[in-house]
Amino acid sequence: RAKHADVDAQVAALAELMRCSRHILFCTGAGISTNDPAGLRDYRGPDGIWTEAQASGLVVGEPGEKGMPVDSPWDETMFRRMSAARPTFAHRAIAQLSGGEDPLVKHVITQNEDGLHRRSGVPEVRLSELHGSAFVEVCGNYASGDSDESSSSEDESTSSDAERAALDA
């Protein structure tokens, strides 16, 4: 009972801070997508994808490190899980707070590739997916809006069948 009172007090304090704030930015990682109904594995936790791959000898060192193999430890089952995942309560709450003309949450930055912020309804203009999305394919040439001045003027990005199916769900 005391534990619940402590959590309630913390939530009330957070709500008050948010009410008094002019700009709120959320930065999210794997933890937001590990609870139901998303149920995705985290990356570096005890049972994380990278942790398991290192223990199995599939990878050595750190991602992006010079000399690291290009192949990732992800397999087809991870991508099937990802397309079946649904936004959690936290995803939906952030989406509610980031909607409308003058939202409380001005921007969401995520390192997750699971597309759950997008599927929860966070407006695209308020969302930065640092590592991209597993559901968005981009042509090898630059898509429009790229900072490379030699890029094509046409938008060459396309949605995959998996993304369309996930968005329709």
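As the structure is a computational prediction, the values presented were derived from the model and not from experiment. (Residues numbered from 1 in each chain as written. Predicted model: local features only at pLDDT ≥ 70, side-chain atom pairs only at ≥ 80, totals over all residues. Heavy atoms only, no water.)

**Q** How should the sheet that holds strand E1 (residues 24–28) be read in this particular structure?
**A** What holds strands together in a sheet is hydrogen bonding between their backbones, with the strands either parallel or antiparallel. Ordered in space as E1-E2-E3, the 3 strands form an open sheet in which the pairing is parallel. This sheet does not close on itself; its edge strands, each paired only once, are E1 and strand E3 (127–129). Adjacent strand axes in the sheet meet at a mean angle of 10 degrees when their direction is disregarded. One ladder, built from 3 bridges, connects strand E2 (residues 105–110) with E3; its direction is parallel. Residue pairing in the sheet places Thr 110 in a bridge with Glu 129 of E3. (Pairing = 2+ DSSP bridges. Helix = DSSP H or I, 4+ residues; strand = E, 2+ residues; numbered from the N terminus. Axes fitted to C-alpha atoms, helices over the stretch in contact; angles between N-to-C directions.)

**Q** What am I meant to see in the nonpolar core here?
**A** Considering soluble globular proteins, one finds that nonpolar side chains tend to be buried as a cluster. Ranked by size, the top nonpolar core spans 9 residues in total: Met 18, Ile 24, Ile 32, Ile 94, Ala 95, Val 105, Val 108, Val 122 and Leu 127. Those elements that place two or more of their residues in this core are helix H4 (89–98) and E2. Dropping the residues within four chain positions of it, Val 108 is found in contact with Leu 25, Phe 26, Ile 94, His 117, Val 122, Arg 126, Leu 127 and Ser 128. Leu 40, Ile 49, Met 78 and Phe 135 belong to the second-largest nonpolar core, a separate cluster that totals 8 residues. (Core = buried A, V, L, I, M, F, W, Y, C linked by side-chain atoms within 4.5 Å. Buried < 20%, exposed > 50% of the residue type's maximum accessible area, 1.4 Å probe, protein only. Contact = heavy atoms within 4.5 Å.)

**Q** Would you explain H4 in this entry?
**A** Three- or four-residue spacings in an α-helix give side chains the same orientation, since the helix completes a turn every 3.6 residues. Taken residue by residue, H4 has His 91, Ile 94, Ala 95 and Ser 98 as its buried positions. Along the long axis of H4, the arc covered by the buried residues comes to 105 degrees, so they all point the same way. Of the exposed residues in H4, those oriented more than 90 degrees away from the buried face are Phe 89 and Gln 96. If you follow the buried residues of H4, they end up packed against E1, E2 and helix H5 (116–120). Trailing H4 by a residue or two, Gly 100 shows a phi angle of about 85 degrees, which is positive. (Arc of directions from axis to C-beta.)

**Q** Would you mind showing me how to read the pairing of E2 here?
**A** Along any regular strand the residues' side chains alternate between the sheet's two faces. In this structure, E1 lies alongside E2, joined through 5 bridges in parallel fashion. When the bridges of E2 are listed, Ile 24 appears paired with Val 105.

**Q** Explain the pattern of salt bridges to me, please; I cannot follow it from the model alone.
**A** Across all of its chains, the model carries 5 salt bridges by this definition. The shortest N-O distance in the salt bridge between Glu 124 and Arg 118 comes to 3.7 Å. Judged by its relative accessible area of 25%, Arg 118 falls in the partly exposed class. The residue Glu 129 makes a salt bridge to Arg 118 at a minimum N-O spacing of 2.6 Å. Highlighted residues: Glu 129 in strand E3 and Arg 118 in helix H5, separated in sequence by 11 residues. Sharing partners across several salt bridges, the network here consists of Arg 118, Glu 124 and Glu 129. (Salt bridge = Lys/Arg side-chain N within 4 Å of Asp/Glu carboxyl O.)

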